Amino acid sequence: MGFLDILFGRSKPAAPDLDRLFALPSAAVTLQAATGFVPTGMGAVCFTSVEGGAFAQARQEAQDLLDAGTGRTGPRVEPIRDEYGYSWLVSRRAPDDLPALVSDLHAVNSSLEGTGFGPQLLCSVVGFEDTGQRRLGLVYLYKRGTFFPFAPLAGGGERRDNALELQIKAALADDLRIEQDLARWFPIWGAPGL
C-alpha cells in the first residue's frame, strides 16, 4: 500500500486464501453440535464462463481431475449452468466424507486459478440440512477469502431465513473467517444442492 493509498483511505482487497476451505470439516462438527445441521455430501464451485478454447480446456481439466478421484459416490462431477447464467462444477461425496468434498472444491479453485482464470471464480458452496429438512449452504467468497451462511426458506420463492443465517454466523465465528459485511451475503438462488 502506497502513501497516496493511505492518504485517500484506499485499501487493498483481501487476497483469496483457498486453504481456508480446509476449515470446513471442523466447522461442520461445531455446526452439528450447535444447530443440528449435517453435510449433504454436495458441494459446488461457481464461476463466470469466458468464451474461448483456453477457458473451456481449463474447466474440462478441472472436471477431469475430479472425475478421476477415488471414492466418489453417485454421478460424476457435473457441470451446470444456472438460470442466471453462472456456471457450476458440482461434486458429490458421501455425506460423512466432507474432507474429500472440500478437497474437490479446493482442486477446482486451484486448477482454474493456476491456469489464470482466478478472476472468473465467484464462490464455493457446501450444502447442509437438518432433521426438519431445512437447507443451508456455507458459501466461500473467493475474492474476499471469507464465508457466509445462505439459508433459503422452504416452499419455493426466493426468500431467506435471515434469523438462521445470523444464528449460523454466531455459531461458526470461532471456526471460519465469516464475512462481516452483511451486504456481501448475496443470495445464491439456483445453487446446486440448496
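What you see as residue numbers is a count from 1 along each chain, following the sequence as written. pLDDT decides what is reported in this predicted model: residues at 70 or higher carry local features, side-chain atom pairs at 80 or more are listed and counted, and totals for whole chains, interfaces and linings draw on all residues regardless. The basis for the side-chain values is all heavy atoms of the structure; hydrogens and waters are excluded.

A. How the structure looks around helix 2 (residues 24–35). Starting at the N terminus, helices and strands are each numbered in turn, a helix being any DSSP run of H or I of at least four residues and a strand any DSSP run of E of at least two. The length a helix should cover is 1.5 Å for every residue beyond the first. Taking 1.5 Å of rise per residue, the twelve residues of helix 2 would be expected to cover 16 Å, and the 15 Å separating its terminal C-alpha atoms lies within 8% of that figure. If you check which residues of helix 2 are buried, you get Leu24, Ala27, Ala28, Leu31 and Thr35. Seen end-on, helix 2 carries its buried residues on one side only, within an arc spanning 105°. Turned more than 90 degrees away from the buried face of helix 2, the exposed residues are Val29 and Ala33. Any two residues having at least one pair of non-hydrogen atoms within 4.5 Å are treated as being in contact. Tucked inside the fold, the buried residues of helix 2 contact strand 1 (38–47), helix 4 (98–114), strand 4 (121–129), strand 5 (135–141), strand 6 (146–150) and helix 5 (162–171). Downstream of helix 2 by one or two residues, Gly36 has phi in the positive range, about 85°. Buried means the residue's accessible area, taken with a 1.4 Å probe over protein chains only, is under 20% of the maximum for its type, while exposed means over 50%, and partly exposed covers the values in between. The directions considered for the arc are those from the helix axis to the C-beta atoms.

B. Quick look at the pairing of strand 6. For strand 6, the buried fraction is high: five of the five residues fall into the buried class. With burial as the criterion, each face of strand 6 is covered, one bearing Thr146, Phe148 and Phe150 and the other bearing Phe147 and Pro149. Pairing between strands requires that DSSP locate at least two bridges from one strand to the other. When strand 5 meets strand 6, the two strands line up antiparallel, connected through five bridges. Across the sheet, Tyr140 pairs through a bridge with Phe147, a residue of strand 6. Here strand 5 hands over to strand 6 after four residues, with Gly145 in that stretch at a positive phi of 70°.

C. Local environment of the packing of aromatic side chains. Classification of ring pairs uses Phe, Tyr and Trp, with its six-membered ring standing for Trp, and accepts pairs whose centres are within 6.5 Å; under 30 degrees between planes counts as stacked, over 60 as edge-to-face, and the remaining range as tilted. In this structure the tally under the stated criterion is four aromatic pairs. Look at Tyr140 and Phe147: their rings are 5.1 Å apart centre to centre, the planes differ by 55°, and that puts the pair in the tilted class. Between Phe148 and Trp185, the ring centres sit 6.0 Å apart and the planes meet at 20°, which makes this aromatic pair stacked. Note that Phe148 is positioned in strand 6 and Trp185 in the segment after helix 5, a separation of 37 residues in sequence.

D. Looking closely at the confidence of the model for the chain. Of all residues in the chain, 85% attain a pLDDT of 70 or more, and the chain-wide mean is 85. Residue-level confidence of the predictor, termed pLDDT, takes values from 0 up to 100. Across the chain, strand 6 holds the top mean pLDDT of 97, while helix 1 (residues 3–7) sits lowest at 54.

E. Expanded view of the packing of helix 2 against helix 4. The geometry of helix 2 relative to helix 4 is characterised by a closest axis approach of 9 Å and an angle of 135° between their N-to-C directions. By the angle between their directions, the pair helix 2 and helix 4 is classed as oblique. In the crossing of helix 2 with helix 4, the sense of the turn from one axis to the other is right-handed. Along its contact with helix 2, which presents Leu24, Pro25 and Ala28, the element helix 4 presents Leu98, Pro99 and Val102. Three classes are used: nonpolar for Ala, Val, Leu, Ile, Met, Phe, Trp, Tyr, Cys and Pro, charged for Asp, Glu, Lys and Arg, and polar for all others, with Gly counted as polar. When grouped by side-chain class, the residues that make up the contact of helix 2 with helix 4 number six nonpolar, no polar and no charged. Angles here are taken between N-to-C directions and fall from 0 to 180 degrees, while the axes themselves are lines fitted to C-alpha atoms, restricted in helices to the stretch in contact. Each angle is binned into one of four classes, with values under 35 degrees roughly parallel, values over 145 roughly antiparallel, values of 65 to 115 roughly perpendicular, and all other values oblique. We call a crossing left-handed when the near helix sits turned anticlockwise from the far one by less than a right angle, and right-handed when that turn is clockwise.

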